[in-house]
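Residue-level structure breakdown
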Amino acid sequence: MKIGITCYPTYGGSGVLATELGKALAARGCQVHFISYALPQRLNRFVENVFFHEVELSTYPLFEHSLYGLSLTSKMIEVVEYEKLDLLHVHYAIPHATSAYMAKQILKKQNSDIKIITTLHGTDITLVGLEPSFLPLVKFSIDESDGVTAVSKFLKETTLTNYNIDKD
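The structure reproduced in this document is the subject of the present report. (Residues numbered from 1 in each chain as written. Predicted model: local features only at pLDDT ≥ 70, side-chain atom pairs only at ≥ 80, totals over all residues. Heavy atoms only, no water.)

A look at the overall build of the protein
Here is the rule: Put simply, DSSP marks the helices as runs of H or I at least four residues long and the strands as runs of E at least two long, and each gets a number from the N terminus on. Just to be clear, the radius of gyration here is over C-alpha atoms, and the globule rule we use is 2.2 Å times residues to the power 0.38. When a residue's accessible area, from a 1.4 Å probe over protein chains only, is under 20% of the maximum for its type it is buried; when over 50% it is exposed; and in between it is partly exposed. We call two residues in contact whenever any of their non-hydrogen atoms come within 4.5 Å of each other. In this description, accessible areas are obtained by the Shrake-Rupley approach with a 1.4 Å probe, and a residue is regarded as covered only by the protein chains that are shown. The charged-residue count follows a simple rule in which Lys and Arg add positive charge and Asp and Glu add negative charge, with His and chain termini not counted at all. Here the site of a charge means atom NZ of a Lys, CZ of an Arg, CG of an Asp or CD of a Glu.
In terms of regular secondary structure, the protein is built from 6 helices and 6 strands. When the helices and strands of the protein are placed in sequence order, the string is β-α-β-β-α-β-α-β-α-α-β-α. Against the globule reference of 15 Å for 168 residues, the protein gives a C-alpha radius of gyration of 15 Å, in line with a compact fold. Taking the principal axes of its C-alpha atoms as reference, the protein extends roughly 40 × 40 × 35 Å. The 168 residues of the protein split such that 44% are buried. Considering only contacts within the protein whose residues lie at least 6 apart along the sequence, 65% involve residues at least 24 apart. Counting every atom, the protein has about 9,100 Å² of accessible surface; 57% of that belongs to carbon and sulfur. A gap of 6 Å separates the mean positions of the 15 positive and 18 negative side-chain charges of the protein.

Written as structure tokens, this is what we have:
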């Protein structure tokens, strides 16, 4: 299986979990493609079947802030097409699951049906996601994912309750 993993590449829990999961999948023979703005901290040596694709952050005078979510979407499309990925596994709802959803919709026009698995880690649900400007995006991204996992039972229950999610 060819899997694209998107995570924050830092020392935080979501980046650590995503990287270790990717390395374990690679050890089982999967081809794992990390898609992020920097090499994950835990990928500090060569690992067979693991590849890295950097999201290039462009700056334009019109935009005061970087458009990471849109750049990520474009890179996801590129990697899915070039590497023939079967699955995008994104860690964090905002912006990763939202970017994956946009990529999936664009790829549908090219007869690609990439699957999206979203793993929720905590603050994307308990803090960032409850921000009124992000809440509808988080709910939509969860609802549109082909599968959703959470790192704890508490987080699962909080997600189901706070976002009125109907599916398991």
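Still to come is the rest of the account.
Observations regarding the side chain of histidine 89
Position of histidine 89 among the secondary structure elements: in strand β4 (residues 87-91). The buried category is assigned to histidine 89, whose relative accessible area is 10%. Ignoring any residue separated from it by four or fewer positions in sequence, one finds histidine 89 in contact with Ile3, Gly4, Ile5, Thr6, Leu21, Ile117 and Thr119.

Considering helix α6 (residues 153-162)
Where we set the bar: Here, the arc refers to the directions that run from the helix axis to the C-beta atoms.
Among the residues making up α6, those that are buried are Leu155, Thr158 and Thr159. Taken down its axis, α6 places every buried residue within 100° of arc, on the same side. What points out from α6, more than 90 degrees from its buried face, is the exposed set Lys153 and Thr161. Packing partners of the buried residues in α6 comprise β5 (115-120), α4 (123-126), α5 (135-144) and β6 (147-150). Phi turns positive one or two residues past the end of α6, at asparagine 164, with a value near 50°.

Examining the nonpolar core
Inclusion rule: Nonpolar cores are built from buried Ala, Val, Leu, Ile, Met, Phe, Trp, Tyr and Cys residues. Side-chain atoms within 4.5 Å join them into one set.
Of all hydrophobic cores here, the largest spans 17 residues; its most connected members are Ile35, Met76 and Leu88. Per-element accounting of this core gives the leading share, 6 residues, to helix α2 (residues 68-83). What leucine 88 contacts, discounting residues up to four positions off in sequence, is Gly4, Ile35, Met76, Val80, Ala100, Ile114, Lys115, Ile116 and Ile117. Ranked by size, the runner-up nonpolar core spans 12 residues in total, among them Ile3, Ala18, Cys30 and Val50.

Everything listed here is a matter of geometry and, on its own, says nothing about what the molecule does.
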